[in-house]
Structure formats: C-alpha cells, structure tokens
Amino acid sequence: MILINKRAEKQDYQTILAIWEKSVIVTHDFLTAEDRQFYKEQIPLFLDNVELFLWFAGEEVIGFSGTSERELDMLFLDPVATGNGYGSQILGWLIENKRINLVDVNEQNENATRFYLKHGFVVSSRSDLDGFGKPYPILQLQLKERVNGV
C-alpha cells in the first residue's frame, strides 16, 4: 500500500504520543518503566522543534516521523503496522525528499539498528550515554555515501 503523509499539528500530539508509547513498549524493552515514563514526558517538548509528519496507510495513522535539517530525529510505527515495509517506504521518502543522512539509534534496539544498516547507514560514532545522560548507549549513524564527503 502506498503511504501518504500530512504535516502534524498540535492537535495530533496525543495520537503521536499514543503511537510512541505503543512502539516503545514493544521495541525498547531495555528501558525501565520509570525511564519510559520520563521519556514520555520529554517527547512533547521536542515535537515543536522538528518537522513532524503523520503517516497513513489508507485512512489509518500508522506512524510518525520528525526531522530537523538533515537528521531523522524520530521514526515510530504503530506495532500493528510493522513488518509491512512501511518503515522502508517512510525512510526512503525522507532520504529522497528531506535529504536525511543522519540518525541516532539506541544500541540496545537491535531491530532498529539492523533496519538502518540495511538501508545504507553506517555507524559513525557511539556514545555510552543518551542525550539525557542515562545509561542507554546511542549509535550515531550516517548514510554510507555521505561518510567522509563521498
């Protein structure tokens, strides 16, 4: 199915948070419940600072993405929509239309890491702590053809 997107607005934030939480419960099993709640409270603070899209398969919202400049800051799918190629379609669109070439991923989120590596990203650096100083290692990924200016 071909996906369509629409720019998200403030009234979409509840939908975005619901998708984020469902996705994180399934994909971020390494987070403590307390840390998951902490991040849930942080997410709304970032939504105004990214170019935010809702992604639809037909009439159903299946995920959202947030970008800034050429970095993919967030890409989350509703767990019921995973495994259908939607993530690949969204990422391809973002690379093509938003010129995305950077993304950070939790090292412990092995499926996400595999997903980005499969789509041409390579690890450019690693941090032991996430942006909040929590002990969740982050991999900084860059599109292969853009590494070292090539």
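Above: the structure in question.
A brief report on the enclosed structure follows. This one's a predicted model, so the numbers in the text were calculated from it and none came from an experiment. (Residues numbered from 1 in each chain as written. Predicted model: local features only at pLDDT ≥ 70, side-chain atom pairs only at ≥ 80, totals over all residues. Heavy atoms only, no water.)

1. Here's the deal with the overall build of the protein
Within the protein, the secondary structure is distributed over four helices and seven strands. When its helices and strands are written in sequence order, the protein yields β-α-α-β-β-β-α-β-α-β-β. For the protein, whose C-alpha radius of gyration is 15 Å, the value lies close to the compact-globule estimate of 15 Å for 150 residues. Taken along its principal axes, the extent of the C-alpha atoms in the protein is 40 × 35 × 30 Å. Across the 150 residues in the protein, those meeting the buried criterion constitute 44%. (Helix = DSSP H or I, 4+ residues; strand = E, 2+ residues; numbered from the N terminus. Rg over C-alpha atoms; globule rule 2.2 N^0.38 Å. Buried < 20%, exposed > 50% of the residue type's maximum accessible area, 1.4 Å probe, protein only.)

2. A word on the pattern of salt bridges
All chains considered together, the criterion is met by nine salt bridges. The residue Lys-134 makes a salt bridge to Asp-35 at a minimum N-O spacing of 2.9 Å. One end of the pair, Lys-134, is in the loop between strand 6 (121–127) and strand 7 (138–143); the other, Asp-35, is in helix 2 (residues 33–47), with 99 residues separating them in the sequence. Taken individually, Lys-134 and Asp-35 each receive the classification buried, so the pair is uniform in this respect. (Salt bridge = Lys/Arg side-chain N within 4 Å of Asp/Glu carboxyl O.)

3. Regarding the layout of surface pockets
In this structure, the largest pocket spans a volume of roughly 1,300 Å³. Lining the largest pocket are 46 residues; nearest its centre among them are His-28, Leu-75, Phe-76, Asp-104 and Asn-106. Breaking the lining of the largest pocket down by element, the ones donating at least two residues are helix 1 (13–27), helix 2, strand 4 (71–77), helix 3 (86–98), strand 5 (102–106) and helix 4 (110–118). Here the residues of the lining of the largest pocket sort into 25 nonpolar, 16 polar and five charged. (1 Å grid on protein atoms, 1.4 Å probe; cavity = no way out; pocket = protein on both sides within 12 Å on 5 of 7 lines; lining within 4 Å. Points joined across faces, edges and corners; volume = space filled by probe spheres on them. Nonpolar A, V, L, I, M, F, W, Y, C, P; charged D, E, K, R; others polar.)

4. Some points on the sheet that holds strand 3 (residues 60–68)
Overall, mixed pairing links the seven strands, which are arranged 1-2-3-4-5-7-6 in an open sheet. Edge positions in the sheet fall to strand 1 (3–7) and strand 6, since each has one partner strand and no second. Shown here is a sheet whose adjacent strand axes are inclined to one another by a mean of 30°, direction ignored. In this sheet, strand 3 lies alongside strand 2 (residues 51–57) in antiparallel orientation, the contact comprising seven bridges. (Pairing = 2+ DSSP bridges. Axes fitted to C-alpha atoms, helices over the stretch in contact; angles between N-to-C directions.)

5. Observations regarding the nonpolar core
In this structure, Ile-62, Leu-72, Ile-90, Tyr-116 and Phe-121 are the most contacted members of the largest nonpolar core, which totals 23 residues. Counting only elements with at least two residues in this core, the list comes to strand 2, strand 4, helix 3, strand 5, helix 4 and strand 7. Per-element tally for this core: the top contributor is helix 3, with five residues. Other than its neighbours up to four places away in sequence, Leu-72 contacts Ser-65, Gly-66, Thr-67, Leu-91, Leu-94, Ile-100, Leu-102, Val-103, Asp-104 and Tyr-116. Ile-19, Val-24, Phe-30 and Met-74 belong to the second-largest nonpolar core, a separate cluster that totals 20 residues. (Core = buried A, V, L, I, M, F, W, Y, C linked by side-chain atoms within 4.5 Å. Contact = heavy atoms within 4.5 Å.)

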